[in-house]
Amino acid sequence: MNNDNKSRREFVKNSSLLAGGLMMSPLFSNANFFSGADETIKVALVGCGGRGTGAAMQALLTKQNVKLVAMADAFRDRIDNCYKTLTRDDGSGGSVKGRVDVPEERKFVGFDAYAKAIAFADVVILTTPPGFRPIHFEEAINKGKHVFMEKPVATDPVGIRRVLEAAEKAKQQKLNVVVGLQRRYQNSYRELFKRKNLIGDITSAQAWWNNDGVWVNKRKYGQTEMEYQMRNWYYFNWLCGDHIVEQHIHNIDVVNWFKDAYPVKAQGMGGRQVRKGKDHGEIFDHHFVEFTYADGSVLNSQCRHIPGTMSRVDELIVGTKGSIKGDAATILDSKGKPIFQFDKKGENNPYQNEHDELFAAIAKGEYKFADAEIGAKSTLTAIMGRMATYSGQMLEWDKILASNLNLQPKKYDWDAAPPILPNDDGYYPVAVPGVTKYV
Ligand SMILES: NC(=O)c1ccc[n+]([C@@H]2O[C@H](COP(=O)([O-])OP(=O)(O)OC[C@H]3O[C@@H](n4cnc5c(N)ncnc54)[C@H](O)[C@@H]3O)[C@@H](O)[C@H]2O)c1
């Protein structure tokens, strides 16, 4: 290591120790700065479900010398399934078995598992349901780690503010943070973005996430209410945020990104037509929101989870001189004539690219990614949309950002009561526009 690298390494190490007020054990990683690709970059995975397994695989498939050294999940069976997939000889996209070094003593289970796993890592992958993201992100940054975290990054405004504070700390410590809003890492969207001036000033937009919906995990005999909600997390707002936050955030974020702004107000309507069962918790199955930006331009956003209806996951951005179609990767002039078409042969796998770019930067000691703030603000946009459809009121960004709405339980414990409970018939209270208050 040359002197430059040595002093830079020490600078970053010392500044993160100071900022985090940490006393690091030599057993744990304290190397948050890498001077060359031959150094091992240690990864901890928090949330070993579907996306966590995929994200870990992608991290381990990067060109850098990456090792998975610790895993954390609320449930043991999720760790076991994930570990099995990652150590398969025929892993999809290539075997990563040789890069998995997670003995029993570095597999952590339960609500406090995250902190134990994070301690061992240089880079942390956060892929639990989004309700936990603020706590986990804050811990990772306080301990001086680089982060890949999935969207959304919270489910309520109190969580958003926690993420924004940690994001600021990450910037000061030069810790790279990538958020899984993967269209920002996708060639077609990046090429459209580069050419957005072709459509002039953006005057309106539409965004869609309409499809059949997602899995349901039915209640099992013997589960506590907390375990049931954790297993069936999509249907509870403290964990999921409703599907406008959980999935439609992708399309809302594209419009925010191209607009380079966040809406100042929102109003909308929504409800549940088919999600009526006991296992459907409290979330809606459709939302339609009109978001207004400071310059008066409007984003009409719709998301629906209803089987048998029209599917569309897409964005349309309209400007004074033309329009951009996100999914088709096309730019049209004001008469509807295509003036740019991205060649889909040049498309990449954005999920892989998120990790390729993140780990390349970390290995080179570069500070390149500060996605937490945009992730938090696009999550807040979607939360504002949910609060607008639940209440039926016109809501303002500043008030939502300052809101004390906190959906989290007072205590994380298998026997503790979650913040929402079923009635005697097993059904959960559902928002009623005009009645439900937005705070
Ligand atoms: N960017 C994308 O396209 C994309 C795609 C899929 C999922 N995601 C995101 O990834 C996240 C996870 O989704 P998923 O589909 O993998 O869900 P999942 O249910 O398959 O996995 C979540 C895992 O987190 C675990 N978990 C829950 N609470 C925990 C806690 N407190 N500590 C540790 N582990 C905990 C669960 O037991 C589970 O194993 C969500 O935020 C989702 O939006 C993003």
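The paragraphs below set out a description of the structure included in this document. (Residues numbered from 1 in each chain as written. Predicted model: local features only at pLDDT ≥ 70, side-chain atom pairs only at ≥ 80, totals over all residues. Heavy atoms only, no water.)

Digging into the state of the cysteines
Here the structure, examined in full by the defined rule, presents zero disulfides. Cys-82 forms no disulfide, and the closest cysteine sulfur to it belongs to Cys-48, at a distance of 4.6 Å. Cys-82 sits in the buried class, given a relative accessible area of 1%. In this structure Cys-240 is not part of a disulfide, and its nearest cysteine sulfur, from Cys-303, lies 11 Å away. (Disulfide = S-S within 2.5 Å. Buried < 20%, exposed > 50% of the residue type's maximum accessible area, 1.4 Å probe, protein only.)

Quick word on the site of the ligand
Near the ligand lie 26 residues; those nearest to it are Arg-51, Asp-73, Arg-133, Lys-151 and Glu-246. In the complex, 89% of the free accessible area of the ligand, which totals 840 Å², lies under the protein chains. Looking at the shell around the ligand, the elements that each hand over two or more residues are helix H2 (50–60) and helix H5 (133–142). When grouped by side-chain class, the residues that make up the shell around the ligand number 10 nonpolar, nine polar and seven charged. (Near = heavy atom within 4 Å. Areas by Shrake-Rupley, 256 points an atom, 1.4 Å probe, with all protein chains shown as cover. Helix = DSSP H or I, 4+ residues; strand = E, 2+ residues; numbered from the N terminus. Nonpolar A, V, L, I, M, F, W, Y, C, P; charged D, E, K, R; others polar.)

Re the packing of helix H10 (residues 249–259) against helix H12 (residues 372–391)
For the pair H10 and H12, the least separation of the axes is 9 Å and the interaxial angle reads 115°. By crossing handedness, the relation of H10 to H12 is classed as right-handed. Taking contact as the criterion, the partners of Ile-249, Ile-252, Asp-253 and Asn-256 in H10 are, on H12, Ile-374, Ser-378, Thr-379, Thr-381 and Ala-382. (Axes fitted to C-alpha atoms, helices over the stretch in contact; angles between N-to-C directions. Left-handed = near helix turned anticlockwise from the far one by under 90°. Contact = heavy atoms within 4.5 Å.)

Notes on the sheet that holds strand E12 (residues 322–325)
Read from one edge of the open sheet, nine strands run E14-E13-E12-E11-E7-E10-E9-E8-E15, paired in mixed fashion. Either end of the sheet is taken by a strand with one partner, and the two such strands are strand E14 (338–341) and strand E15 (395–396). Note that strand E9 (residues 286–292) and strand E10 (residues 298–305) share seven bridges and pair antiparallel. Across the sheet, residue His-287 finds its bridge partner in E10, namely Cys-303. Sheet strands touched by H10: strand E7 (202–211), E9, E10, strand E11 (312–319) and E12. Its angle to E7, the strand with the most contacts, is close to 165°. (Pairing = 2+ DSSP bridges.)

Things to note about the pattern of salt bridges
All chains considered together, the criterion is met by 25 salt bridges. With its nearest N and O atoms 3.0 Å apart, the salt bridge here joins Arg-219 to Glu-225. In this structure Arg-219 comes out as partly exposed when scored by relative accessible area, which is 39%. A salt bridge links Lys-399 to Glu-396; the nearest nitrogen and oxygen atoms lie 3.8 Å apart. Its relative accessible area of 48% is what places Lys-399 among the partly exposed residues. Using a relative accessible area of 41% as the deciding quantity, one classes Glu-396 as partly exposed. (Salt bridge = Lys/Arg side-chain N within 4 Å of Asp/Glu carboxyl O.)

Regarding the nonpolar core
Membership of the largest hydrophobic core comes to 89 residues, with the highest contact counts inside it found for Phe-137, Met-149, Val-177, Met-230, Trp-238 and Ile-317. Element by element, the count of residues in this core is highest for H12, at eight residues. Contact partners of Met-149, with chain neighbours within four places excluded, come to Leu-126, Arg-133, Phe-137, Val-163, Val-177, Val-178, Val-179, Gly-180 and Ala-372. (Core = buried A, V, L, I, M, F, W, Y, C linked by side-chain atoms within 4.5 Å.)

Side note on the pairing of E14
Side chains on a regular strand alternate between the two faces of the sheet. In the sheet, strand E13 (residues 330–333) pairs with E14 via three bridges, with the strands oriented antiparallel. By the bridge assignment, Ile-331 is partnered in E14 with Phe-340. Counting the residues that bridge the hairpin from E13 to E14 gives four residues, and of these Gly-336 lies at a positive phi of roughly 90°.

So, the side chain of Gln-408
Counting through the fold element by element, Gln-408 comes out in the segment after helix H13 (397–402). In this structure the side chain of Gln-408 is engaged in a polar contact, spanning 3.4 Å, whose partner is the side chain of Thr-155. Among the polar contacts listed, one links the side chain of Gln-408 to the backbone oxygen of Trp-238, at a separation of 3.0 Å. Sequence-distant contacts of Gln-408, that is, excluding residues within four places in its chain, are made with Gly-131, Thr-155, Asp-156, Trp-238 and Pro-419. (Polar contact = N/O pair within 3.5 Å; in protein donor to acceptor, adjacent residues only side chain to side chain.)

Thoughts on H5
Most of H5 sits inside the fold, with eight of its 10 residues counted as buried. Considered for burial, the residues of H5 that qualify are Arg-133, Pro-134, Ile-135, His-136, Phe-137, Glu-139, Ala-140 and Ile-141. Backbone geometry just after H5 places Gly-144 at a positive phi near 75°.

Topic: helix H6 (residues 157–172)
For H6, built from 16 residues, the straight-helix expectation of 22 Å at 1.5 Å per residue is met to within 8% by its first-to-last C-alpha distance of 23 Å. When H6 is considered as a whole, its buried residues turn out to be Pro-157, Gly-159, Ile-160, Val-163, Ala-166, Ala-167 and Ala-170. Buried positions along H6 lie against H5, strand E5 (146–149), strand E6 (177–179), H12 and H13. (Expected span 1.5 Å × (residues − 1).)

Things to note about the packing of aromatic side chains
Inspection of every chain in the model, using the stated rule, returns 21 aromatic pairs. Ring centres 5.1 Å apart and planes at 35° place the aromatic pair Phe-75 and Trp-414 in the tilted group. One end of the pair, Phe-75, is in the loop between strand E2 (66–73) and helix H3 (76–86); the other, Trp-414, is in the segment after H13, with 339 residues separating them in the sequence. On the basis of relative accessible area, Phe-75 is assigned to the buried category, the value being 10%. Arranged with centres 6.2 Å apart and planes meeting at 45°, the rings of Phe-111 and Phe-132 form a pair that is tilted. Here Phe-111, found in the loop between strand E3 (107–109) and helix H4 (113–118), pairs with Phe-132, found in the loop between strand E4 (123–126) and H5; they are 21 residues apart in sequence, far enough to count as distant. The class of Phe-132 is buried, set by a relative accessible area of 6%. An aromatic cluster of at least three residues, connected via ring pairs, comprises Phe-75, Phe-111, Phe-132, Trp-238, Tyr-412 and Trp-414. A cation over a ring is seen here: Arg-106 above Phe-120, with NZ or CZ 5.9 Å from the ring centre. The residue whose ring lies beneath Lys-107 is Tyr-83, and the NZ or CZ to ring-centre distance is 3.8 Å. (Phe/Tyr/Trp six-rings, centres within 6.5 Å; stacked < 30°, edge-to-face > 60°. Lys NZ or Arg CZ within 6 Å of the ring centre and 35° of its normal.)

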